[in-house]
Structures are given as C-alpha cells and as structure tokens.
Amino acid sequence: MGLFRKRKRQGGKIQEKQAVEQEGDSLSSQLDGNIKKIKELTGNTDDVMYRSVTIRGNYRLLLVYIEGISEVDRINTVINTLLQSNENEDLPVLNENENLINSLEERLLAISRCSYVENTDDLLTELLSGNTVIIADGFTRAISCNTPGGKRRAVEEPSTETVIRGPKDGFTEDIRTNISLIRDRIKTPDLWYKIKKVGKQTQTDVAVMYINNIADRRLVKEVVERLESIETDSILESNYIEEFIQDETYTLFPQIQNKERPDAVAAALLEGRVAIIVNGTPFALIAPVTLAMLMQTAEDYYQRPLFVTFLRLLRTFSFFVAMLLPGVYIAITTHHQEMLPTVLLFSLAAQREGVPFPAIVEALLMEVTFEILREAGVRMPKAIGASISIVGALVLGQAAVEAGVVSAVMVIIVSFTAITNFIIPTYNLSVAVRLLRFAFMILSAAFGFLGILAGLLILLIHLAGLRSFGVPYLTPMAPFILSEQKDTFFRFPLWALNARPESLNPENKRRMSANMKPSPPKKESS
C-alpha cells in the first residue's frame, strides 16, 4: 500500500518524492539559459508569464507560470512573501555558503505545498498543472509552488441524476474539488488516493481512491496496474479510461459505472469498491459493478424500504418491457395469432387492414423514427429541444396513423416501450436495452416466441460470462449469494444491511453492529 501513500511534511515543507529515474535536461545554473530553454519548449507563447524578483539585494529570482490556469491570488501571495523578506530584519542574512533554495523553502515561502524541480520535463509538467515555478540565478534546482486555479464551474446539482430527497451537490470538472466533495462525506484517514498522470500529451490527472481497511488489496492493485498499462496521447474524459481498463470490449453492457453524485461514490467506497476520478469531467468511475447495481439509485437509501422495493421491482419489470415488448407484439401478430382473444384479434386486424407493411417493418419504422426524434432533442438547444421532440412525436405519430402507414396499436406499443426505457436509472444500460430491442424484434419476426427465447438464452449466457474486475456480472444471482439478496431486488431496512457485499471480498466485512434493530422502550410496571 506504500504506492498509495505520499509522504509529506506539513506547513509548506517539501514533499519527499519516491526516487524515480530523471528524464529530460537538467536545469541550467544560468537564469537566462533557463528562460531561453522554457521559451523554446513552449513555443514562446504569450500565456507563459515571467516575473523577476530580487531579494536581499543580490539574489535574482524568476517566477514562471501560465496565465489562465494558475490562481492569481496565490501567485501574489508568493510574490508578496518574497518581497517582504527584504524588509524582515528578523530573518538571517543569506550568505554564499547557504543553499538559497533550502532557505526559501524553510523561511520565506508561505505556501501550503511545494516540491523540488530539477529538470525541464518536471518543470513543464508543473507549469502545465497550473503551478508556479521559482528559479534562482546560480542554482540548478527550482521550487514549484501549488497555485492551480483559473475559472472553475461551481458545485451544482447533477443534471443526469436528480433526486427528490438527498444531497443536491454534484461533481465538477476539477479533480481537487471532486476529491474534497468525497472527503467531506468520509472523514477518515483511511480514505487513500493516488493521483497519476495518464496521456502523453494531455498529462491528465487520474485519481484512484479507496478506503484502505475496507477495499480488497488485490482489487486496488489490479485497478492501478490497468491504469499504468495505458499508453495513449490523450485522456479527455472518463470514458477513455473506462474503455482501456474494462474486462470485455465487445459487449453492450457497461462493466464500470459512471456517477455524477459524490454521495453515490462515497457509498460505493464504503462497500469496498474503488473510485476513479478523472480531471476535466464531472463523472467518476466505480469498479467493480454488477447488473443489479446498475438498476439502483442513490435515492434508494433515502426513502422507506417498502417503497424502494416497489420501485426496484418496477424497474426490473420496465427493463424487460423496454427490451421485449415490440418483439412480443410482432411474434403474436405474425406467428401466434391463436394466443389472442377473438375480440382483440378482430380489433387488431381491423386496425391493420389498411397498413401496407408487415408488423416488423412497421415496428422498425416507428422505432427508428423515435430514436431520431430522441437524438434530435438531445442535440438541439435546450430552449427548443423538448418542444421539438414532443411536437414531432405527436404530429408524426398522428399523421402516420391517419395516413395508414402504421397502426394505432403500434404507436401505443412504441410509446409505452420508450417510457419504460426512461425508468432504467443508468444511461449506459438503457442504451444497451435500446439496441437489444432491435435484435429481439428481428428474432421474433423470423422465429416467433422461439426466437425470443433463443435470444434470451444467448443474452443470459453472455451476461453470465461477463466480469467486472473479476466479479461476475450477475452477482448476487449467479453465483447466488443469500446474504446479498437483502439489497438486490428488495431493499431491507438499513439496520438489516449490516454486512458488506461478500462478492467484493472486503477486509472489513461488517459495517455496523448486529443489534441495530430499533425497539420501543419498555413500559415500567406500575
């Protein structure tokens, strides 16, 4: 676990970094030579700022930072501290035999975190991270001060995971803000994280976060090894990381969950899972993940257990309806008309009398049209997107029925299918259901219910073979784990959920005392 702990001295002391092989050219002892080198490597861009400061009369310092990604107030604090050293008579006079860099770190810099820089590669990394580098004339070692900043989006309510009851704050694009939102909920020193830079060109900060005495060490090691194996130019969003470290590529189902809510990530960490936070995106990754987990929401633990159980069963029902309903309708009307009551059969036949297409063409036409409207609503400006989608669906549906292109019952089937698809809480899973719907429609048109059953069997075999960091995707149903049934399709009271999921193999299996069931106070005998 030493890999995940960074040794540091508080109060502005230099962090003790692990010994690594130094890359790049060493800094020059000549200040003008360092300036020339920096300008060559950065293309002499206008946003790289240089500020010269002289302290104690004869020590020339150069502050280098990038405008826009560095916090101006922090930089001014560093400059003011350096300038005040000229007026502070209590400070000893620096002499030629004293290391200026050590003196700056020990006496002068009123900054929370600093580190040494000894080569150009590290210097550029610090600059591009928003830090300010102080270079002293005559020395080959510089100091990097923690001054990242610039314009950041404020913490707002998540746009993709809204709740009626629960916290209203969501992640932002700043990794430090996101980590602080999690730390605000889990106030324990065992919450460890390690920030790594991934991407040769983007140098994106990626944090692996877990709770030391809960998460399985083998799981943490596996996540870190997969991250270290990534060799690419750019990481622009968390999906880049997701595609590089997932177990199986050729599947529709997500094997890593993305979340915009800090409370959901905190709950996953407390179960023994690992969170991956990527700078530049408000979506954190959670691993490992199961299919049952994708059907749950953070609000499930903020409502009464009986109501949550009803909602979970409703989501499970909607999952199958969204995937199978059009296919079942096509199978019945094409191959199994004898299954319908006579009155209903005559009603459907009357509606389809003027429709020139078979049921499969009719269904595909409506489904593709609805997908086009859905995508158009997403890409259009917010002010008109919803209106266009609703009006388009109503106008096109009504016009298609009146023109005899599709039957009225097909419009009902497609509309109800779309509504049930929206109930699925995880967007990636709902996309998988939308695509599988087309496959089941084709199977039902060709083979009827036999095709649907064959498709379900193939899907079940595929899901049973999926893994998310070694955890079976259908856990806790296959393999069946009795103790985890209390929080799968049903949600028992919180006092009954006293154990962490066995499938995660947590180091600390208990999350609360076994005697937490509330009981009314006993009446005193008169």
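Cut-offs used in this document
Residues numbered from 1 in each chain as written. Predicted model: local features only at pLDDT ≥ 70, side-chain atom pairs only at ≥ 80, totals over all residues. Heavy atoms only, no water. Axes fitted to C-alpha atoms, helices over the stretch in contact; angles between N-to-C directions. Helix = DSSP H or I, 4+ residues; strand = E, 2+ residues; numbered from the N terminus. Parallel < 35°, antiparallel > 145°, perpendicular 65-115°, else oblique. Left-handed = near helix turned anticlockwise from the far one by under 90°. Contact = heavy atoms within 4.5 Å. Nonpolar A, V, L, I, M, F, W, Y, C, P; charged D, E, K, R; others polar. Expected span 1.5 Å × (residues − 1). Buried < 20%, exposed > 50% of the residue type's maximum accessible area, 1.4 Å probe, protein only. Arc of directions from axis to C-beta. Polar contact = N/O pair within 3.5 Å; in protein donor to acceptor, adjacent residues only side chain to side chain. Pairing = 2+ DSSP bridges. pLDDT = per-residue confidence, 0-100. Core = buried A, V, L, I, M, F, W, Y, C linked by side-chain atoms within 4.5 Å. Domains from an automatic or database assignment. Patch = residues over 30% accessible without salt bridge, like charges linked within 9 Å, V, L, I, M, F, W, Y side chains within 5 Å. Areas by Shrake-Rupley, 256 points an atom, 1.4 Å probe, with all protein chains shown as cover. Salt bridge = Lys/Arg side-chain N within 4 Å of Asp/Glu carboxyl O. Phe/Tyr/Trp six-rings, centres within 6.5 Å; stacked < 30°, edge-to-face > 60°.

## Structural notes on the packing of helix α12 (residues 359-379) against helix α14 (residues 408-423)
One can describe the packing of α12 onto α14 by two numbers: an axis separation of 10 Å at closest approach and a directional angle of 45°. Classed by the angle they form, the pair α12 and α14 counts as oblique. Handedness of the α12/α14 crossing: right-handed. Residues A359, E362, A363, M366, E367, F370 and R374 of α12 form the contact with α14, whose participating residues are M410, V411, V414, T417, A418, N421 and F422. Split into classes, the residues belonging to the contact of α12 with α14 amount to nine nonpolar, two polar and three charged.

## Points about helix α2 (residues 72-84)
Taking 1.5 Å of rise per residue, 13 residues should cover 18 Å, and α2 covers 18 Å from first to last C-alpha, within 8% of that figure. Within α2, burial applies to I75, V78, I79, T81 and L82. Along α2, the residues classed as buried sweep out an arc of 160° about the axis, all on the same side. For α2, the exposed residues set more than 90 degrees away from the buried face come down to V72 and D73.

## Observations concerning helix α7 (residues 238-245)
Where α7 is concerned, the buried positions are S238, I241, E242 and I245. All buried residues of α7 lie within an arc of 100° about the axis, which places them on one face of the element. Residues of α7 that are buried sit in contact with β6 (191-198), β7 (204-211), α6 (217-228), β9 (274-278), β10 (284-287) and α15 (427-447). Capping the start of α7 is the job of one residue whose side-chain oxygen sits 2.7 Å from the backbone nitrogen of N239: E237.

## Considerations on the sheet that holds β10
As summarised here, the arrangement of the five strands in space is β6-β7-β9-β10-β8, forming an open sheet in which the pairing is antiparallel. The open sheet has two free edges, formed respectively by β6 and β8 (257-259), since each of these has just one partner strand. Averaged over all adjacent pairs, the angle separating strand axes in this sheet is 25°, with direction ignored. Taken together, the four bridges between β7 and β9 define a ladder with antiparallel strand orientation. In the strand pairing of β9, A207 is matched with I277. The sheet strands contacting α7 are β6, β7, β9 and β10, and the helix crosses β9 at an angle near 135°.

## Here's the deal with the confidence of the model for the chain
Averaged over every residue, the pLDDT of the chain is 84; residues scoring 70 or more account for 87%. Contacts from residues 1-22, a stretch scored under 50 in pLDDT, to residues over four places away or in other chains number 42 contacts. Low confidence marks residues 90-98, where pLDDT is under 50. Its contacts with residues over four positions away, or in another chain, come to 17 contacts.

## A few points about the nonpolar core
Counting residues in hydrophobic clusters, the biggest one holds 43 residues, and the most contacted among them are I182, F253 and L269. A domain split of this core shows at least three residues from each of domain 2 (175-289) and domain 3 (305-472). Leave out the neighbours within four places in its chain, and I182 touches F171, L191, M209, V265, L269 and I277. Counting residues in hydrophobic clusters, the runner-up holds 22 residues, among them W192, Y210, L219 and I245.

## Regarding the environment of L236
Tracing the backbone through its elements, the reader meets L236 in the loop between α6 and α7. With a relative accessible area of 53%, L236 lands in the exposed category. As a C-alpha pair, L236 and Q203 span 33 residues in sequence and 9.8 Å in three-dimensional space.

## A word on unusual backbone geometry
The amide bond that connects A287 to the next residue, P288, takes the cis arrangement and shows omega of -5°. Following the sequence through the fold, P288 ends up in the loop between β10 and α9 (291-294). In this structure, the amide linkage connecting A478 to the following residue, P479, adopts the cis form with an omega of 5°. Tracing the chain through its elements places P479 in the segment after β12 (471-472). The backbone phi angle of N44 is positive, close to 55°, even though this residue is not glycine. Accessibility expressed as a relative area gives 49% for N44, which makes it partly exposed. In the Ramachandran plot, F469 falls in the positive-phi region, its phi being about 55° despite a non-glycine side chain.

## Considerations on a nonpolar patch on the surface
Together, L313, M477, F480, L482, F489, F490 and F492 make up an exposed nonpolar region whose accessible area comes to about 680 Å². Within the secondary structure layout, F489 lies in the segment after β12.

## Things to note about the packing of aromatic side chains
In the structure shown here, the tally under the stated rule is three aromatic pairs. Aromatic pair W192 and Y210: ring centres 6.3 Å apart, planes at 75°, arrangement edge-to-face. Here W192 is found in strand β6, whereas its partner Y210 is found in strand β7, with 18 residues between them in sequence. Ring geometry for F319 and F320: centres 5.3 Å apart, planes at 90°, overall edge-to-face. The class for F320 is partly exposed, based on a relative accessible area of 40%.

## What to know about the pattern of salt bridges
Enumeration according to the criterion identifies 21 salt bridges in this entry. The closest approach of N and O atoms between K259 and E161, which form a salt bridge, is 2.8 Å. Remark: E161 occurs in the loop between β5 (142-145) and α5 (175-183) and K259 occurs in strand β8; sequence separation between them is 98 residues. Looking at K259, the relative accessible area reads 9%, which means it is buried. One salt bridge connects R185 with D169, and the closest N-O pair in it is separated by 2.7 Å. Of this pair, R185 sits in the loop between α5 and β6 while D169 sits in the loop between β5 and α5, and the two are 16 residues apart along the sequence. On the basis of relative accessibility, which here comes to 28%, the residue R185 falls in the partly exposed class. One network of salt bridges, with partners in common, ties together D300, R312, R315 and D487.

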